[in-house]
Amino acid sequence: MLKQRVITASILFVLFLAALFGLPTLGWQILVLAVVGQGAVEWARLSGLNGRAATVYWLLALAMMAGMVWFDRNIAIELQTWLHMVWYVLAVLLWVFVVPAWLIAGWRPQNAWLMGTVGWVVLLPTGLAMLDLRAFSPWLLLFVMTVVMVADISAYFTGRRFGKNKLAPAISPGKTWEGVIGAMIGVTVYVIVAGWASGLYKQYPIFPSVIIAGWWWVALAVIGDLFESAVKRQAGVKDSGALLPGHGGLLDRIDALTSTLPFAGIALILQRLE
């Protein structure tokens, strides 16, 4: 199982790098639409939407994402900024306030379209962030995503080796506090190495804040991972799909990104507005 996970993850990473640095803007937009569309297909299943309702759901998700891409190509930058800000703020409210309360209270909403609406707030800001961060710099998007990747890998191996204290046994029995600590350490080492290699360490007032942001990223990634686990548990399934051998569905692979990328997107917008 581990070998299959490693092979799939390696192939995906190579393909992602080729797309990130090789695709033209339109090609990248189409890729993001595909990611949002597949994510919506899987979320429909987790929400309990079936048949025609599921088709309507993911088509609406695609239409909203495509509409935002169209607006970005045809309206003034100021209007683009505020449209994106609305979606990012919704995502921040979801991940900072709603999801933690959801997990603590053990909510199990039975309304499929309510769950579907939550899925739009999960997926659409993630797609927007993939567009915005890549447009600013492919290297920025790569850095943000690799921080999450390093956290995931560090948590996995540290948890397997040292994990004893369960993080949230009722939601995801395999996750431990030792894994979270391992993720923190792994991200700290990665940020230090990346900062040294890029010269960011020379900007002393900025570099420590990047390390702290990395820890915040780990916390957000854990929340995103736990939330998808809770949604899958409610749906009574182990994986969100069977698209990726060894990983399950697309949502199983990007769950931590859905809770982190929107924060990078809103940070980028706020930096531009200064």
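Cut-off values and rules
Residues numbered from 1 in each chain as written. Predicted model: local features only at pLDDT ≥ 70, side-chain atom pairs only at ≥ 80, totals over all residues. Heavy atoms only, no water. Helix = DSSP H or I, 4+ residues; strand = E, 2+ residues; numbered from the N terminus. Rg over C-alpha atoms; globule rule 2.2 N^0.38 Å. Buried < 20%, exposed > 50% of the residue type's maximum accessible area, 1.4 Å probe, protein only. Contact = heavy atoms within 4.5 Å. Areas by Shrake-Rupley, 256 points an atom, 1.4 Å probe, with all protein chains shown as cover. 1 Å grid on protein atoms, 1.4 Å probe; cavity = no way out; pocket = protein on both sides within 12 Å on 5 of 7 lines; lining within 4 Å. Points joined across faces, edges and corners; volume = space filled by probe spheres on them. Nonpolar A, V, L, I, M, F, W, Y, C, P; charged D, E, K, R; others polar. Phe/Tyr/Trp six-rings, centres within 6.5 Å; stacked < 30°, edge-to-face > 60°. Expected span 1.5 Å × (residues − 1). Polar contact = N/O pair within 3.5 Å; in protein donor to acceptor, adjacent residues only side chain to side chain. Core = buried A, V, L, I, M, F, W, Y, C linked by side-chain atoms within 4.5 Å. Patch = residues over 30% accessible without salt bridge, like charges linked within 9 Å, V, L, I, M, F, W, Y side chains within 5 Å. Salt bridge = Lys/Arg side-chain N within 4 Å of Asp/Glu carboxyl O.

Below, the discussion takes up the overall build of the protein chain. Scanning the protein chain for helices and strands turns up ten helices and two strands. Element order for the protein chain, N to C, with α for helix and β for strand: α-α-α-α-α-α-β-β-α-α-α-α. Compactness check: the protein chain gives a C-alpha radius of gyration of 18 Å against a globular reference of 19 Å for 274 residues, within 12% of the reference. In terms of principal-axis extent, the alpha carbons of the protein chain reach across some 55 × 50 × 35 Å. Residues classed as buried in the protein chain amount to 47% of the 274 residues present. Sequence separation of 24 or more characterises 74% of the internal contacts of the protein chain that already satisfy a separation of 6 or more. Total accessible area computed for the protein chain in this model is approximately 13,900 Å², and 71% of it derives from carbon and sulfur atoms.

With that settled, the discussion passes to empty space enclosed by the protein. Counted under the stated rule, the structure contains one cavity of 30 Å³ or more. Taken as a whole, the largest cavity holds about 50 Å³ of empty space. Along its surface, the largest cavity is lined by Trp43, Trp95, Val122, Gly224, Phe227, Glu228, Leu251, Asp255 and Thr258. Those elements that provide at least two residues to the lining of the largest cavity are α8 (207-235) and α9 (250-258). Broken down by class, the residue content of the lining of the largest cavity amounts to five nonpolar, two polar and two charged.

Turning our eyes to something else, we now look at the packing of aromatic side chains. Within the structure shown, the criterion is met by 13 aromatic pairs. With 5.0 Å between their ring centres and 85° between their planes, Trp102 and Phe227 make a pair best called edge-to-face. One end of the pair, Trp102, is in helix α4 (residues 77-105); the other, Phe227, is in helix α8, with 125 residues separating them in the sequence. A residue is classified by how much of its surface remains accessible, and Trp102, at 6% relative accessible area, is buried.

Attention now goes to the layout of surface pockets. For the second largest pocket, the calculated volume is near 690 Å³. Together, 23 residues line the second largest pocket, and Leu140, Phe143, Val144, Val210 and Ala267 are the ones closest to its centre. Secondary-structure elements contributing two or more residues to the lining of the second largest pocket are α5 (112-136), α6 (138-162), α7 (177-198), α8 and α10 (261-273). Looking at the lining of the second largest pocket element by element, the count peaks at six residues for α6. Taken together, the residues of the lining of the second largest pocket break down into 18 nonpolar, four polar and one charged.

Right, let's talk about α10 for a bit. The first and last C-alpha atoms of α10 sit 19 Å apart over 13 residues, in line with the 18 Å expected at 1.5 Å per residue. For α10, the complete set of buried residues consists of Leu261, Pro262, Phe263, Ala264, Gly265, Ile266, Leu268 and Ile269.

Here α5 is 25 residues long and its end C-alpha atoms lie 36 Å apart, about the 36 Å a rise of 1.5 Å per residue gives. Within α5, 20 of the 25 residues are buried, leaving the element largely enclosed by the surrounding structure. The opening residue of α5 is Asn111, an N-cap whose side-chain oxygen sits 3.0 Å from the backbone nitrogen of Trp113.

What follows covers the nonpolar core. In terms of nonpolar packing, the biggest core is built from 76 residues, with Trp28, Trp43, Met65, Trp95, Trp217, Phe227 and Leu261 touching the most fellow members. Take this core: its biggest share by element is 13 residues, from α5. Among residues more than four places away in sequence, those in contact with Trp43 are Tyr57, Met115, Gly116, Val118, Gly119, Val122, Leu123, Phe227, Val231 and Leu251.

Let us look at a nonpolar patch on the surface. Taken together, the side chains of Val86, Val89, Leu90, Leu93, Val96, Phe97, Val98, Trp107 and Trp216 define a hydrophobic patch exposed on the protein surface, amounting to about 780 Å² of accessible area. Considering each element in turn, the nonpolar patch owes the most residues, seven residues, to α4. Val98 gets classed as partly exposed once you look at its relative accessible area, which sits at 33%.

Nothing here speaks to function; it is geometry throughout.
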